[in-house]
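Here are the chains, one letter per residue:
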Amino acid sequence: MKKLIIVFLSIFATGILFSQNQTNQKSQTNQINQNQEIRTGILNGPSSIPVCRLMENPELQNARITFQKYNTPQNLLPKLIKNEIDIAFLPLNVAVKTFNTSNHSIEMLCVTGNGNIFLITTDEKVNKISDLQDKKITVAGQGATPDYLFQYLLQENEISLDKKEIVLDYSVPNAQIPALLIAGKIEYAVVPEPFVTIAKTKSKKVKIAVDFQEEYKFFSKNQQTYPLTVLVARKDFIQKNPELIEEFLNGYEKSYKWTIQNPTAAGKLCEKLDFGLNANIVEKSIPNANYTFIKAQDSKEQINEFLQILMKLDTRTVGDKLPEDDFYYAP
């Protein structure tokens, strides 16, 4: 009888120790997960607006997100390539060129922003692209997406740059265009949001003469708009942390939806987060900004059509070729 009691107590004690070890292991795992960091790079400005809610609440179930702001993609890219950032928001053409020139080291997770480019003016007589013939147009950034998109739309409308039927001026940066337009120092400008909203807010004379998104859809094979900004991640980070990638995507999708549904609150939050944008401007620009969440695998057709257009204008914009299938993240 004594032997049986001793055996029973021994088994009972072993069970307690095993249970404690399991609990300790789970506790350690949870602690590791909670301490895991997703280093995220964003561009200071309008492309960061839909992620504002996630920046305000960066704690995921299994990790926390830290955000680093950069003024240009050129400042952000070295950090991504050197493994100092895990996830980044980038212009589509920059992401593709990085993929093509870095041995496929990144993957595109989703499209975060579709087209939001417009031609604005105070000229009541201009209402379509053909009305711009023989005029001088200020364009935001030579070699940037607004420039290439405008060139494409001019071609489709049979207006020749080679024959000087229209003149493009790249001398004015985005931020200065609204003031110069209102002052009458320039007459026509191609700009993205929120600069359209800034100009219209400061003067009732400013109008949208051409919606580039509608113009693009008219010529598109599938009557769809074009992607502007995307979310990417380092391929090695994706492979090591597939659950965290899915958590981040879920967090971004919720943030984007909240931004669209709550433009007033989003404007105040963006001003608080110091994006360099006035709360009122952010609020008014959101309806035209075309923020979105399109998973990588669902965006191939849309992306390839637009990239083919860019490549016809200048192959250097995307690194000489369309991205292969491993550019598109597949969970």
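Residues numbered from 1 in each chain as written. Predicted model: local features only at pLDDT ≥ 70, side-chain atom pairs only at ≥ 80, totals over all residues. Heavy atoms only, no water.

1. Description of the overall build of the chain
We count it as follows: Think of it this way: any DSSP run of H or I at least four residues long counts as a helix, any run of E at least two long counts as a strand, and we number them from the N terminus. A 1.4 Å probe rolled over the protein chains alone gives each residue an accessible area, and that area as a share of the maximum for its type sets the label: buried under 20%, exposed over 50%, partly exposed in between. Contacts between residues were defined by any pair of non-hydrogen atoms, one from each residue, lying within 4.5 Å. Only the protein chains shown count as cover for residues, and all accessible areas are computed by the Shrake-Rupley method using a 1.4 Å probe.
Within the chain one finds 13 helices and 11 strands. Expressed as a percentage of the 331 residues in the chain, the buried residues total 51%. For the chain, restricting intrachain contacts to residue pairs at least 6 apart in sequence, the fraction spanning at least 24 positions comes to 78%. Total accessible area computed for the chain in this model is approximately 16900 Å², and 49% of it derives from carbon and sulfur atoms.

2. Focus: the sheet that holds strand 6 (residues 136-139)
Definition in use: Any two strands are treated as partners once DSSP identifies two or more bridges connecting them. Where helices are involved, their axes are fitted lines through C-alpha atoms of the stretch in contact, as for all axes, and angles between N-to-C directions lie from 0 to 180°.
Strands sit in the order 7-6-8-5-9 across an open sheet of 5 strands; the sheet is mixed. The two strands at the open ends of the sheet, each matched to only one other strand, are strand 7 (167-169) and strand 9 (207-211). Averaged over all pairs of adjacent strands, the angle between their axes in this sheet comes to 30°, without regard to strand direction. Pairing analysis gives 4 bridges linking strand 5 (residues 117-121) to strand 9, with the strands arranged antiparallel. Among the inter-strand pairings, phenylalanine 118 is bridged to a residue of strand 9, identified as aspartate 211.

3. Some remarks on helix 10 (residues 242-261)
The line we're drawing: Helices are assigned an expected span. That span is 1.5 Å times one less than the residue count.
Across its 20 residues, helix 10 extends 29 Å between first and last C-alpha, which sits within 8% of the 28 Å expected from 1.5 Å per residue. Looking only at helix 10, the buried set comprises Leu244, Ile245, Glu247, Phe248, Leu249, Gly251, Tyr252, Ser255, Tyr256, Trp258 and Thr259.

4. Looking at the confidence of the model for the chain
Definition in use: The predictor attaches a confidence to each residue, called pLDDT, with possible values from 0 through 100.
Predicted confidence across the chain gives a mean pLDDT of 89, with 89% of residues reaching 70 or more. Residue range residues 1-19 is modelled with pLDDT below 50. Its contacts to residues more than four positions away, or to other chains, number 0 contacts. Confidence drops under a pLDDT of 50 for residues 21-33, and excluding neighbours within four residues, the segment shows 2 contacts in the predicted structure.

5. Considerations on the state of the cysteines
As used here, a disulfide is simply a covalent bond connecting the sulfur atoms of two cysteines. Keep this limit in mind: By disulfide we mean two sulfur atoms from cysteines, separated by a distance within 2.5 Å.
As enumerated under the stated definition, the model contains 0 disulfides in all. Summary of cysteine pairing: cysteine 52 is not part of a disulfide, and the nearest cysteine sulfur, belonging to cysteine 270, is at 4.0 Å.

6. Details of the packing of helix 10 against helix 11 (residues 263-272)
The description of two packed helices rests on the angle between their axes and on the distance between the axes. Short version of the rule: Note on angle classes: values under 35 degrees are labelled roughly parallel, values over 145 roughly antiparallel, values of 65 to 115 roughly perpendicular, and the remainder oblique. Amino acids are sorted into nonpolar (Ala, Val, Leu, Ile, Met, Phe, Trp, Tyr, Cys and Pro), charged (Asp, Glu, Lys and Arg) and polar (every other residue, Gly among them).
Helix 11 packs onto helix 10 with a crossing angle of 110° between their chain directions and a minimal axis gap of 5 Å. Viewed along their axes, helix 10 and helix 11 adopt a mutual orientation that is roughly perpendicular. Contacts from Trp258, Thr259, Ile260 and Gln261 in helix 10 reach Pro263, Ala265, Ala266 and Leu269 in helix 11. Looking at side-chain class alone, the contact of helix 10 with helix 11 contains 6 nonpolar, 2 polar and no charged residues.

7. Looking at the sheet that holds strand 11 (residues 291-295)
Pairing is mixed in the open sheet, where 6 strands are placed in the order 2-1-3-10-4-11. Strands with a single pairing partner mark the edges of an open sheet, and in this sheet they are strand 2 (64-70) and strand 11. Geometrically, the sheet is characterised by an average inter-axis angle of 25° between neighbouring strands, direction not taken into account. As judged from the 7 bridges shared by strand 4 (residues 106-114) and strand 10 (residues 227-234), these two strands associate in the antiparallel manner. By the bridge assignment, valine 111 is partnered in strand 10 with valine 230.

8. Some remarks on the pairing of strand 1 (residues 37-43)
Taking burial as the measure, the 7 residues of strand 1 include 5 buried ones, the bulk of the element. Note: strand 1 against strand 2, 7 bridges, orientation parallel. Residue pairing across strands places arginine 39 opposite threonine 66, the latter belonging to strand 2. Bridging between strand 1 and strand 3 (residues 87-91) involves 2 bridges; their strand directions are parallel. Opposite glycine 41, over in strand 3, you have alanine 88 as the bridge partner.

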